[in-house]
Amino acid sequence: MPVGFSSPARNLFLLGSTGAQVVSNFFESISKASTTDGVFIPDEIRYIDSNQKYALAGSAEDSNSKGFGWLERQDYNLETGSLTTDYTVRIESPQAGVNTTLRAMELDSNENLIVVGFSGTVPWIAKYSNDGVLDWQSTTASANVRYLGVTSDSNSNYYVCGRTSLTASDTQAFVEKFDNNGNPSW
């Protein structure tokens, strides 16, 4: 779906305020007065060629300031002005008071969504089918590391990169590999 500069889609994710209680973007408005969720921050977007839809991901906080990640697949019809959301997924820690942050998203060669982030001090990688269903979630349980990026190869291996969360002078970068079933390789 090519979009020109004169179309509304040119401002796809520029957030704007329409008042003290409402934030709007290209797809929809989020009213703080009518939702239990507080702050939504879109971090990633991918265009899916085969179905001409968008995969979006980011982090958010609920009204109790508990952080969670979210991802969804959407389509916007420029001619009718209608939004279609195929699925919305909320990713959060099962432990009370533990924040979850989604840091990166990638589409693999089969258009599955691969997302990475961390819950508290535990890094994680998750694979969602192109229908938004969780296929697997994994971690190496490495101490004091954060997964900050992800990519895949044509053999459905997944590579996460990140850094340790030690002091600024002790921070170390790393790469970890996961196979197509979420098993850590190295």
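Our structure is the block above this text.
The rules behind these values
Residues numbered from 1 in each chain as written. Predicted model: local features only at pLDDT ≥ 70, side-chain atom pairs only at ≥ 80, totals over all residues. Heavy atoms only, no water. Helix = DSSP H or I, 4+ residues; strand = E, 2+ residues; numbered from the N terminus. Buried < 20%, exposed > 50% of the residue type's maximum accessible area, 1.4 Å probe, protein only. Polar contact = N/O pair within 3.5 Å; in protein donor to acceptor, adjacent residues only side chain to side chain. Phe/Tyr/Trp six-rings, centres within 6.5 Å; stacked < 30°, edge-to-face > 60°. Pairing = 2+ DSSP bridges. Axes fitted to C-alpha atoms, helices over the stretch in contact; angles between N-to-C directions. Salt bridge = Lys/Arg side-chain N within 4 Å of Asp/Glu carboxyl O.

Draft legend 1. Geometry of the side chain of Arg73. With respect to the helices and strands, the residue Arg73 is situated in strand 6 (residues 67-77). Residue Arg73 is classed as buried on the basis of its relative accessible area, which comes to 10%. Here the side chain of Arg73 touches Asn130 through a polar contact of 2.5 Å, landing on its backbone oxygen.

Draft legend 2. Main features of the packing of aromatic side chains. Under the criterion given, the structure shown has five aromatic pairs. Seen in terms of ring centroids, Tyr147 and Phe178 are 6.3 Å apart; in terms of plane orientation they differ by 75°. Their pairing is edge-to-face. In this pair, Tyr147 sits in strand 12 (residues 145-152) while Phe178 sits in strand 14 (residues 173-178), placing the two residues 31 residues apart along the sequence. Take Tyr147 and Phe178: they sit in the same class, and that class is buried. With a centroid separation of 6.1 Å and 50° between ring planes, the pair formed by Tyr159 and Trp186 is classed as tilted. Note that Tyr159 is positioned in strand 13 (residues 158-164) and Trp186 in the segment after strand 14, a separation of 27 residues in sequence. With relative accessibility at 55%, the residue Trp186 sits in the exposed group. One aromatic cluster in this structure is built from Tyr147, Phe174 and Phe178.

Draft legend 3. How the structure looks around the sheet that holds strand 8 (residues 100-107). Read across the open sheet, the four strands follow the order 8-9-10-11; overall the sheet is antiparallel. Among the strands making up the open sheet, the edge pair consists of strand 8 and strand 11 (134-138). Averaged over all pairs of adjacent strands, the angle between their axes in this sheet comes to 20°, without regard to strand direction.

Draft legend 4. Region of interest: the pattern of salt bridges. Under the defined criterion, the tally for this structure stands at seven salt bridges. Residues Arg90 and Asp62 are paired through a salt bridge, measuring 4.0 Å at the closest nitrogen-oxygen approach. Placement of the pair is Arg90 in strand 7 (residues 82-91) and Asp62 in strand 5 (residues 53-62), with a sequence separation of 28 residues. Assessed through its relative accessible area of 15%, Asp62 is described here as buried. Within this structure, Asp62, Lys66, Arg90 and Glu92 form a network of salt bridges that share partners.

Draft legend 5. Representation of the environment of Gly182 in the model. If you trace the backbone, Gly182 turns up in the segment after strand 14. Linking Gly182 and Thr139, residues 43 residues apart in sequence, is a C-alpha distance of 8.2 Å.

Draft legend 6. Up close: the sheet that holds strand 14. If you trace the three strands from one edge of the open sheet to the other, you get 12-13-14, paired in antiparallel fashion. At either margin of the open sheet sits one strand with a lone partner, and together these are strand 12 and strand 14. On average, adjacent strands in this sheet sit at an angle of 25° to one another, irrespective of strand direction.

Draft legend 7. Highlighting the pairing of strand 9 (residues 113-119). Among the seven residues of strand 9, seven are classified as buried, and the element is accordingly described as predominantly covered. Across the two faces of strand 9 the burial is the same, with Leu113, Val115, Gly117 and Ser119 and Ile114, Val116 and Phe118 all buried. As paired strands, strand 9 and strand 10 (residues 122-128) are joined by seven bridges and run antiparallel to one another. Paired with Leu113 across the strands is Tyr128, a residue of strand 10. Linking two consecutive strands that pair antiparallel, namely strand 9 and strand 10, is a turn of two residues; a positive phi of about 65° is found at Gly120 within it.

Fair warning: the whole summary comes from geometry, so function is off the table for now.
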